[in-house]
Structure formats: structure tokens, C-alpha cells
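Structural characterization, general
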Amino acid sequence: MLEISGNFLTSYRAELYFMRVLKFIKSLLILCLVFVWSCNSTKYIPDGEYMLKKVEIQNTPKDISKDELKDYIRQHPNSTILGFFKLRLGLYNLSGRDTSKWWNRGFKRIGEEPVVYDELLRAKTNQQLQLFLNTKGYFNSNVEDFVHYSRRKKAKISFKINHGKRYEINEIHYRIPDDSIRTIVFQDTIKSLIKTGKAFDADLHDRERERITKLVRDQGYYDFVKEYIYFRADSSLNSYQVNDTLIIAKQKAYLEDGTSKLVDHKKSKIRDVYFLVGFDPQKRSNDNEYASKFDTLMYEGCYILYGKNLNFRADVLINSNYIFPGEFYNSKLVSKTQNLLSSLQLFRFINIRFNSVEGMDADGFKQLDCYIQLSPSKIQAYSVDVEGTNSSGNFGAAGSFSYKHKNLFRGAEVFDLRLRAATEAQTKTTGDEQERFNTLEVGADASLTLPSFLIPIRIEGFRKKYNPKTTISAAYNYQERPDYVRSLANARLSYGWKSSRFIRHYFSPIEFSLIDIPYKDPKFWESIQQTYLKYSYENHLISNTSYTLLYNDQVKTQSDHNWFLRWHVEPSGNILDGLVRLWDENGNYENREFLGIRYAQYFKTEVELRYHYRMNPVNSFAYRFFGGAGYPYGNFPVLPFEKRYFAGGANSLRAWPVRGIGPGNSEGLDSDYNNQTSDIRLEANAEYRFKLFWLLEGALFLDLGNIWSIRSQAKTRLAKEEELEDEGLFLYDRFYKQLAFNWGVGTRLDFKYFIFRIDMGVKIHDPSLPKADRWILGKRSYDFGTDTAINVAIGYPF
């Protein structure tokens with residue numbers, strides 16, 4: 001991900017120029033806002049008409065949210081920002097009536113036409129609200145509406161709900177003449193959504209119809225549809241109670257003489273299964289005619305039809321298939337087959353369809369032929385990316401090359417290779433002198449992902465049930481910075497599997513990282529000689545195991561509420577330490593080494609929680625919490641540099657540069673470069689996002705957090721009083737006073753495929769300053785160079 005963050009200014013001249021540009025942009029925005037605000041909002045409202053200003057619903061039932069009722073409002077006022085500012089309406093009103101001028105057409109295109117109050121839509125809304133209340137069991141409710149007209153040609157509509165008492169379900173009866181269907185339904189009544197004593201809800205009844213339909217179709221009834229199920233509700237008891245009757249009708253069969261009769265539903269069995277590899281959806285034809293053009297391979301009872309060559313092994317398809325000849329139709333297994341085939345990344349188009357076969361089989365069941373149509377995707381792909389960067393005011397350039405092969409050994413193995421190089425021109429100011437130098441980073445990483453678990457034993461059915469993956473990866477990274485030169489080599493084996501629609505698991509039994517630091521800046525090295533941080537900048541080895549749990553329901557595209565949870569746990573060095581102790585005949589248990597390199601021991605865990613709420617198509621809110629801690633012990637008294645936490649930057653505390661804050665109240669290391677890291681990180685973020693016009697979006701945000709150390713970084717043991725003076729140490733009675741706090745504004749360009757983002761963070765509370773100066777907002781004027789930061793990045797921060 002491209003990330004550009006920092007203070008942006010490295011000299012007085014650059015700062016003066018940039019401040020002038022910002023002042024001009026600020027003045028221009030204020031002028032536009034004032035002009036838009038002052039424009040006549042009813043400029044385009046015809047005489048005798050009114051602009052719809054507001055729609056409100058009063059006296060909402062406690063068990064129904066206003067968001068549900070808003071879906072039935074047939075006319076909404078113009079969209080707002082911050083709940084009151086109608087920017088897009090103002091832009092529309094900036095246009096003139098002469099459409100031959102381009103600026104008038106432009107303002108109308110990016111703006112929003114005023115909403116003219118419609119009497120018919122008001123009556124329609126009243127009717128829709130009344131019907132909705134009836135579906136929720138408020139059979140005696142009524143809706144009153146009032147329209148308030150103002151002298152400024154504006155109208156406000158109020159809908160008052162007199163809902164009365166809600167009806168409840170008294171008794172549930174069943175009328176199912178088909179014995180087989182009745183048995184299926186009765187065996188699953190414990191999962192029924194309709195319960196006695198619950199409030200009547202027509203939507204719940206509809207969901208119960210869908211549940212039963214899926215249940216029956218999963219038992220082999222391919223022709224069964226929801227329309228066979230309906231309810232009869234009797235509300236004539238005069239006691240706010242309803243007697244429910246669930247009815248499942250028989251199937252209508254047509255006779256040769258043109259008449260029809262009702263018969264029991266019939267199960268359907270799979271007769272043949274055909275994989276049509278290389279299917280072209282543009283050339284539609286009869287399945288049998290289309291199949292005759294391909295070569296045929298029979299594998300485990302299924303026909304695999306392909307063109308000149310089959311580019312992958314036949315077991316790749318069979319291991320991703322739940323549909324086999326001789327088995328009953330099951331809609332759940334059809335969906336699972338679709339998902340497994342999609343996860344292979346071999347096909348750009350997958351369609352599973354069934355054709356009914358005339359006549360019954362020997363057991364009297366209907367027959368189906370299954371056609372799995374597969375259009376291949378490109379097996380190989382590569383990309384070249386070039387980007388400009390700016391980190392803490394230092395400009396640079398980066399380039400990367402990526403290559404992917406989706407079928408390396410003809411078993412749907414995915415091979416990824418990425419090469420990256422970046423350089424950055426940095427400036428260090430000492431007194432009146434400036435020193436310029438370049439930083440360099442070169443890296444390569446490769447991974448091979450297998451569509452199964454690479455383990456010595458075979459687990460039957462695991463591939464189909466959990467969609468497992470095995471990833472073997474290796475990486476190398478070389479960094480040349482002003483304060484150190486470092487190289488890192490990494491190798492990893494990991495497993496991933498999916499236990500439900502929203503939950504994934506990742507387990508890495510073993511990962512090795514070898515870190516070599518051949519050079520340290522003398523001034524930087526001297527500043528950490530008397531601290532435990534010294535060990536982080538020595539050659540070391542990391543051997544760790546890790547587990548990650550992911551919950552992500554953002555696949556629910558129609559939901560306005562989305563959650564994301566990530567929990568990670570990582571112990572390191574324990575197995576290696578046990579082996580070294582076993583092999584060490586001399587009993588040297590201090591500064592233990594493996595292959596001549598000291599290895600790290602630690603335990604690390606972290607949790608991240610995100611919540612997104614979409615208020616309407618224009619406004620949304622996003623929240624994030626992150627908490628993580630690493631505890632070093634045993635053979636290594638400090639967390640390795642690669643595992644330490646830092647804060648600041650485009651996706652963290654946006655008023656501080658990357659690694660530019662903490663730990664605690666401390667000012668960080670005595671170094672010319674931002675390099676603050678520690679053992680604990682706590683952070684919370686909130687962001688209000690709103691669409692403006694065209695591709696442009698806006699945002700207001702708050703960031704709160706910091707990093708802390710678990711133990712004092714001094715190498716000598718401190719007295720309790722001295723330890724309390726360590727301002728980077730995490731203590732329960734003071735950590736909340738050490739939180740860094742900022743607000744900010746941002747703008748984003750939504751290009752559909754990616755988001756280009758510019759955020760400006762402004763400090764509110766800076767814990768690194770003297771105690772009397774930490775609160776900035778309302779206490780003193782802002783210094784643009786030290787109290788703000790500009791962040792440019794690709795994508796949302798969370």
C-alpha cells in the first residue's frame with residue numbers, strides 16, 4: 001500500500017510556500033461555502049410549489065427502529081452533510097438558467113436538484129407506513145400526517161403514528177397433506193422462527209417460508225419452491241392474539257387429457273454430472289450439442305469435457321465437488337461446490353445448472369443431469385507499479401514487479417512473486433547546515449499456496465468442509481537507513497481454513513526470521529547502549545508459532561452495519577529453547593545461541609475491532625480499536641525490533657509521523673530520525689465520511705492512542721521510585737493521561753478501483769511536551785510545522 005505521511009516541509013522556504021498554498025485553498029473553500037450557504041435554496045422551485053425541507057416520524061413503536069420506517073418514506077429531502085449542510089443542493093443552485101454555458105451545466109451535473117414536495121408521494125408514504133405497521137402486528141394502528149408550510153417556499157412533513165397494542169401469536173397449527181414433507185418439517189420445528197407468545201411479524205413469516213423451502217430442497221426436492229408454503233392468520237379472537245396455520249400445498253401434476261390433479265412432491269436424484277471445462281457463455285447452445293464438441297474423461301463417476309488439453313489434474317475438480325451421480329439433490333451442496341470452485345482461482349465464470357430428465361428411475365425418483373459450466377481465467381499475470389512517496393517530508397520513488405501463476409503444478413497451486421525497490425532522499429538539519437542522503441530498501445518475496453493441507457496424514461472430507469490452504473513463503477529485505485543497515489530473511493509455513501461464512505483461521509506452526517544488522521550509526525548506537533533496546537539492534541534469530549482468527553461480515557453487501565474482528569497470538573522461541581537446552585552439554589543457559597546466533601523469546605497478542613455504519617447513501621461512520629502487547633522473557637530481554645509496536649502515520653495517529661510518538665510521555669530516542677517503538681500499543685479511531693460531488697468525498701476524524709514499554713528500558717535494575725520516573729512505562733494509574741489525541745479533516749477521490757486519500761491531522765493533546773503545554777487546543781495558537789501533519793495514502797485508513 002502506498003503511504004505518504006509526515007510534516008511535508010523540510011526547509012523554511014518550502015514551509016512558507018506550502019502555507020501560502022494552504023491559506024489560498026482554505027480561503028477559496030470558505031468563500032465557496034459562504035457563497036453556497038448564502039444562495040437561495042428555493043431558486044429553482046416553481047411558483048405555487050414548495051421545497052421539501054424535512055420529513056419526520058413521531059411516536060415510533062419501541063420495538064421498531066426508525067431506520068426500518070425510513071425505508072417506506074417515498075420522498076426524502078435533499079442530502080445533507082453534518083446533518084444540516086446541503087452542499088450538493090447549494091452547488092446546483094450556483095448554476096444559471098442558460099444551459100449553453102459549460103459552468104452552468106457543470107454545477108447542475110455535480111449538484112443535486114431540489115426536491116419539490118409532492119402531495120401524491122406524501123399520501124403514498126402514509127399508506128406504506130400503515131401497511132408496514134400491519135405486517136408487524138399493529139392491526140389497530142393508524143398514521144396521521146401534517147404538512148407545515150413556511151413563507152420561504154419550504155414544506156415540512158410530520159407523520160404521527162398511533163400504533164396501539166401489538167398482536168402476539170397464540171397458537172400454531174400445521175396443514176401438510178404430503179406425509180414426507182410433513183415429516184421433514186416436524187423434525188425441525190425446534191428451529192422454527194415462529195413461536196407462541198412472540199409478536200406477530202409478517203417478515204418473520206416470510207423468512208420461515210424461506211427456511212422451510214431450503215430445508216426441503218436440501219432433502220432432495222429440487223422442484224419445491226416457496227410458493228407452496230403460505231400462512232393463514234386468524235386475528236378474530238378479540239384479545240390481541242393471532243392463531244397461525246402453516247399450510248404446504250401439494251404439487252400440481254398435468255395429465256395427458258389437459259386436466260391436472262394434486263400429487264405428493266417427488267425427490268430428485270442426480271443421474272449424470274458433466275464438467276464443461278472451457279465453456280464459453282457467449283456461445284449458447286443445447287448442452288448435448290455443446291458437449292459433443294469436447295473430449296471426454298470419466299473420473300470418479302463424473303464426466304469431464306474439455307477442449308484440446310486439460311490444463312489441470314482431474315482430481316482438482318473432484319476434490320472441489322459435492323455433486324455426484326446417484327445422490328439426491330441438495331441445494332446446500334450446490335452452493336458449497338460453487339464456493340470451492342471459485343476459491344481455486346482457475347475460472348472466471350462458474351455456473352451450475354440442472355436439466356430434468358423425462359421419466360423416473362427404478363426407485364421411482366425424478367432424475368436430473370447436472371452441468372457445471374467453467375470458463376477458464378488467465379493462468380499467468382504480471383504487473384509493474386511505479387509510485388512517488390513522501391515520508392515525513394522526504395520525497396522518494398518506489399517500484400515493484402509482481403508475477404502470479406495460478407496453476408503451477410497443474411493442481412491449482414498459486415505461485416506469487418514480488419520484487420520491490422524504493423529510495424528516498426532525506427535531509428537532516430544541524431544548526432544552519434543541512435545534510436542530504438538517500439535511504440534504500442530492496443526486497444523480494446515468493447509464496448506457493450496449495451488448495452489443501454500439506455500434512456502427513458489425509459483427513460477425509462476436510463477440503464470440502466473447510467476449504468483449507470497451505471502457504472509456503474520466503475522473503476528477503478534489505479534496508480539502508482541513516483541510523484542503521486539491516487537485512488532480514490524469512491521463511492514460513494502456514495495453514496488457513498474457513499469454518500463459516502464469516503470466520504477464517506490462520507495457523508503457522510513454524511516461522512523463521514534471521515536479522516542481520518551490520519551497521520549502526522555511532523550516535524544512535526551510543527544513545528541506546530545503556531538500554532535494553534540495544535539488543536533489538538543486534539543480530540538475532542526469531543522462531544515463532546502464530547494463530548490468527550478473522551471475523552469479517554462485510555460480504556453482507558446490503559447491510560448497513562458491518563463488523564471486523566482480528567485476534568492474533570504469537571509465542572516465540574520456546575521450542576527452540578528446549579532443543580538448545582537439550583543439546584547444550586555445558587549447561588550454559590545465558591545468552592543461548594542457535595547456529596551461532598542469539599534467538600528471541602517472547603509472547604505477543606493483539607486484537608483489532610472495526611465497525612462501519614452506513615447511515616444513508618451519503619453519510620457513514622467508521623470506528624476502530626486496536627490493542628496489542630508483547631512480553632519478552634528468557635533468552636532475549638526485549639522484543640525484537642520487527643515485532644515492536646509503533647504509532648503515527650497515515651493509518652494511525654494522523655497528526656504524528658510514523659514512529660514519531662511515544663513511548664508514554666517520553667520524547668523518544670536521542671536520534672535525528674523518528675524511530676520510537678515499544679511493547680504495548682493502544683489506539684482508537686473514529687471517522688465520519690460523507691460524499692461531496694463527482695469523485696470527491698470528505699471526512700472528519702479523531703485519533704487517540706500511544707505506545708508504552710512493559711518494563712523499564714534501563715539495563716540496570718531501578719528502584720521503585722526511579723522506575724516510576726520512566727515516562728515510557730505502562731502503569732494503570734497514569735497511562736490514560738499519556739494518550740496522544742488529534743482531530744483532522746480529509747478528502748478522498750473514489751476511482752472505484754482504489755481510493756486516493758489526503759488527510760490532515762491536527763494535535764489536541766501531545767504527551768511528549770512539558771506537562772503545562774500538552775493540551776494545545778484552546779491553549780495556544782498552532783504551529784503548522786510541529787502541530788499538524790499531512791498524510792497521503794491509497795485506500796481508507798480502516
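The present account deals with the structure reproduced in this document. (Residues numbered from 1 in each chain as written. Predicted model: local features only at pLDDT ≥ 70, side-chain atom pairs only at ≥ 80, totals over all residues. Heavy atoms only, no water.)

1. Topic: the sheet that holds strand S5 (residues 168-175)
Inclusion rule: Note: two strands are recorded as paired if DSSP finds a minimum of 2 bridges between them. For the purposes of this entry, the term helix denotes a DSSP run of H or I that reaches at least four residues, the term strand denotes a run of E that reaches at least two, and both are numbered from the N terminus. Helix axes are fitted to C-alpha atoms over the stretch in contact, other axes to C-alpha atoms as well, and angles between N-to-C directions run from 0 to 180 degrees.
Strand order in the open sheet made by the three strands is S5-S7-S6, with mixed pairing throughout. Every interior strand has two partners, whereas the edge strands, S5 and strand S6 (229-234), have only one. When the angles between neighbouring strand axes are averaged without regard to direction, this sheet yields 25°. In the sheet, S6 pairs with strand S7 (residues 241-248) via six bridges, with the strands oriented antiparallel.

2. Looking at the pairing of S7
Defined as follows: Each residue is placed in one exposure class: buried if its accessible area under a 1.4 Å probe, protein chains only, is under 20% of its type's maximum, exposed if it is over 50%, and partly exposed if it falls in between.
Judged by how many residues are buried, S7 sits mostly within the fold: seven of eight residues are covered. One ladder, built from seven bridges, connects S5 with S7; its direction is parallel. Residue Tyr-174 lies in a different strand from S7, and its bridge partner there is Leu-246. Following S6, the chain reverses through six residues before pairing antiparallel with S7; Asn-238 in that reversal takes a positive phi of roughly 60°.

3. Examining helix H6 (residues 179-186)
The condition is simple: The directions considered for the arc are those from the helix axis to the C-beta atoms. Whether two residues are in contact is decided by their heavy atoms: any pair within 4.5 Å suffices. Within 3.5 Å is the distance limit for a polar contact, defined as a pair of N or O atoms, with the added protein rule that one can donate a hydrogen and the other accept it, and that residues adjacent in sequence qualify only through two side-chain atoms.
Among the residues of H6, Ile-181, Ile-184 and Val-185 are the ones counted as buried. Looking straight down H6, one finds its buried side chains confined to an arc of 95°; they lie on one side. Buried-residue contacts for H6 involve S5, helix H7 (202-217) and S7. With a side-chain oxygen positioned 3.1 Å from the backbone nitrogen of Ser-180, the residue opening H6 is Asp-178.

4. Details of unusual backbone geometry
Pro-663 follows Gly-662 through a cis peptide bond whose omega is -5°. For Leu-595, which is not glycine, the phi dihedral falls at a positive 55°. Within the secondary structure, Leu-595 sits in the loop between strand S24 (593-594) and strand S25 (597-598). You can call Leu-595 exposed: its relative accessible area is 74%.

5. Remarks on a positive patch on the surface
What counts, and what does not: Patches draw on residues past 30% relative accessible area with no salt bridge. Two like charges within 9 Å are joined, as are two nonpolar side chains (Val, Leu, Ile, Met, Phe, Trp, Tyr) within 5 Å. Note on areas: Shrake-Rupley with a 1.4 Å probe; residue coverage comes only from the protein chains shown. For salt bridges, the criterion is a side-chain nitrogen of Lys or Arg within 4 Å of an Asp or Glu carboxyl oxygen. Note that His is not counted, nor are the chain ends; the positive residues are Lys and Arg, and the negative ones are Asp and Glu. By convention, the charge on Lys lies at NZ, on Arg at CZ, on Asp at CG and on Glu at CD.
There is a patch of like positive charges on the surface, built from Lys-191, Lys-332, Lys-336 and Lys-465. As for its placement among the helices and strands, Lys-336 is situated in helix H10 (residues 331-343).

6. Here's the deal with the sheet that holds strand S13 (residues 347-360)
Pairing between sheet strands relies on hydrogen bonds along the backbone, with the strands arranged either parallel or antiparallel. Taken together, the five strands give an open sheet; going across it, the order is S11-S12-S10-S14-S13, and neighbouring strands pair in mixed fashion. Every other strand in the sheet has two partners, leaving strand S11 (295-299) and S13 as the edge strands with one partner each. Here the strands of the sheet are splayed against their neighbours by 20° on average, with no regard to which way each runs. Pairing of S13 with strand S14 (residues 366-376) involves eleven bridges; the strand directions are antiparallel. From the neighbouring strand, Arg-353 faces S14, where its bridge partner is Tyr-371. H10 rests against S13 and S14 of the sheet, and its axis sits at about 150° to S13.

7. Some details on a nonpolar patch on the surface
Taken together, the side chains of Leu-82, Phe-84, Leu-700, Leu-702, Trp-743, Val-745, Leu-777 and Tyr-782 make up a nonpolar region of the molecular surface, amounting to roughly 690 Å² of accessible area. Those elements that provide at least two residues to the nonpolar patch are strand S29 (696-708) and strand S30 (740-750). Mapped onto the fold, Leu-82 is located in the loop between helix H2 (66-70) and helix H3 (87-93). For Leu-82, a relative accessible area of 46% gives the class partly exposed.

8. Examining the pattern of salt bridges
This model, assessed by the stated rule, comprises 48 salt bridges. Linking Arg-624 and Glu-683 is a salt bridge whose minimum nitrogen-to-oxygen distance equals 3.3 Å. Separated by 59 residues along the polypeptide, Arg-624 in strand S27 (residues 619-632) and Glu-683 in strand S28 (residues 680-693) bring together distant segments of the chain. Of the two residues, Arg-624 and Glu-683, neither departs from the other in class, the shared state being buried. Residue Arg-689 is joined to Glu-687 by a salt bridge in which the shortest nitrogen-to-oxygen separation is 2.6 Å. The exposure class of Glu-687 is buried, given its relative accessible area of 2%. Through salt bridges with shared partners, one network takes in Arg-566, Glu-606, Glu-608, Arg-610, Arg-624, Arg-681 and Glu-683.

None of the figures reported here should be taken as evidence of function without further support.
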